[in-house]
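Results of the structural survey
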Amino acid sequence: MSKVTGRLSVEDMAKIEEWADSLSAGQIAAKLNRTTAPITRHLEKIGKGINKVANFETQAEYDLSSRPYWKQIKKQFDNEELELFLYHWKTIVAQFQKDVMPTEEMQIVDMVKLDVLMNRALNIQKDNMDRIVVFEGMLNEEARKAPDDRDREYMYDIDRQIAVLKA
């Protein structure tokens, strides 16, 4: 008799969850007449696989994507920032092993948002500092010219741009 393939049924998922603490993925697969792969994936999703930390991280990511505020978070951050957000979210929630109350969840969201925004601000600050160095080089180059050859308006413009970046 061939093994059942396709998506796990609700009944299959319930049985996997019931047997997760007492049977291995292979034993559960044999009882359900299924291959081991979908059983293992479901065990990881519910935090019952071999690598507990990775399982909790996978479940935390899955849980986050089902939250109503996730759509807003995706609008607020670019892809690189979302990757950082997910990393922090998964590691923090996994640390508590699914024992996160709703109030704590919102505190974690706020803390991770602040971290991502702080990184954004620091990246902007570094970019501004790099641009200031370039403008100061341009200003010094113009200042090295003979006084009659200097473009005072150009120097004033560069000075103003440096002041704006410093502000």
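Attention in this report is confined to the structure presented alongside it.

Reading the values: rules and limits
Residues numbered from 1 in each chain as written. Predicted model: local features only at pLDDT ≥ 70, side-chain atom pairs only at ≥ 80, totals over all residues. Heavy atoms only, no water. Helix = DSSP H or I, 4+ residues; strand = E, 2+ residues; numbered from the N terminus. Expected span 1.5 Å × (residues − 1). Contact = heavy atoms within 4.5 Å. Axes fitted to C-alpha atoms, helices over the stretch in contact; angles between N-to-C directions. Parallel < 35°, antiparallel > 145°, perpendicular 65-115°, else oblique. Left-handed = near helix turned anticlockwise from the far one by under 90°. Nonpolar A, V, L, I, M, F, W, Y, C, P; charged D, E, K, R; others polar. Salt bridge = Lys/Arg side-chain N within 4 Å of Asp/Glu carboxyl O. Buried < 20%, exposed > 50% of the residue type's maximum accessible area, 1.4 Å probe, protein only. Core = buried A, V, L, I, M, F, W, Y, C linked by side-chain atoms within 4.5 Å. Phe/Tyr/Trp six-rings, centres within 6.5 Å; stacked < 30°, edge-to-face > 60°. Lys NZ or Arg CZ within 6 Å of the ring centre and 35° of its normal.

1. Overview of helix α7 (residues 102-143)
- Taking 1.5 Å of rise per residue, 42 residues should cover 62 Å, and α7 covers 61 Å from first to last C-alpha, within 8% of that figure.
- Next to the buried residues of α7 lie α5 (70-76), α6 (79-95) and α8 (152-166).

2. What to know about the packing of helix α1 (residues 10-19) against helix α2 (residues 25-32)
- Orientation of α1 relative to α2, taken along the N-to-C sense of each, is 140 degrees, at an axis distance of 11 Å. In terms of axis orientation, α1 runs oblique to α2. Note on packing geometry: the crossing formed by α1 with α2 is right-handed. Contacts between α1 and α2 involve D12, K15, I16 and W19 from the former and I28, K31 and L32 from the latter.
- Looking at the contact of α1 with α2, its residues break down into four nonpolar, no polar and three charged.

3. What about the pattern of salt bridges?
- For the structure on display, the rule yields seven salt bridges.
- The residue D157 makes a salt bridge to R160 at a minimum N-O spacing of 2.8 Å. Highlighted residues: D157 and R160, both in helix α8, separated by three residues, approximately one helical turn.
- With relative accessibility at 26%, the residue D157 sits in the partly exposed group.
- By relative accessible area, which is 43% here, R160 ends up partly exposed.

4. Some details on the nonpolar core
- Counting 17 residues, the largest nonpolar core has L64, W70, I73, F85, W89 and I108 as the members making the most contacts within it.
- Counting residues per element, the ones that place at least two in this core are α4 (52-65), α5, α6 and α7.
- Ranked by residue count, the leading element in this core is α6, at six residues.
- When sequence neighbours within four positions are dropped, the list of residues in contact with F85 reads L64, W70, I73, F77, V109, V112, K113 and V116.
- Counting eleven residues, the second largest nonpolar core, distinct from the first, contains A20, A25, L32 and I46.

5. Details of the packing of α7 against α8
- Where α7 meets α8, the closest approach of the two axes is 9 Å, and the angle between their N-to-C directions is 160 degrees. Regarding the angle of α7 to α8, the classification is roughly antiparallel. Of the two elements, α7 crosses α8, and the hand of that crossing is left-handed. Note on element contacts: α8 touches α7 through Y154, M155, I158, D159, Q161, I162, L165 and K166, opposite N128, R131, I132, F135, E136, M138, L139, E142 and A143.
- For the contact of α7 with α8, the per-class residue count stands at ten nonpolar, two polar and five charged.

6. Here we look at the packing of aromatic side chains
- Counting across every chain of the model gives two aromatic pairs.
- Between the aromatic rings of W70 and F85, the centroid separation amounts to 6.2 Å while the plane-to-plane angle is 45 degrees, which identifies the pairing as tilted. On the criterion of sequence distance, the pair formed by W70 in helix α5 and F85 in helix α6 is long-range, its members being 15 residues apart.
- For W70, a relative accessible area of 11% puts it in the buried group.
- Here F85 falls in the buried class, since its relative accessible area comes to 0%.
- Grouping aromatic residues by their ring pairs yields a cluster made of W70, F77 and F85.
- Positioned above the aromatic ring of W19 is the side chain of K31, whose terminal nitrogen or guanidinium carbon lies 4.8 Å from the ring centre.

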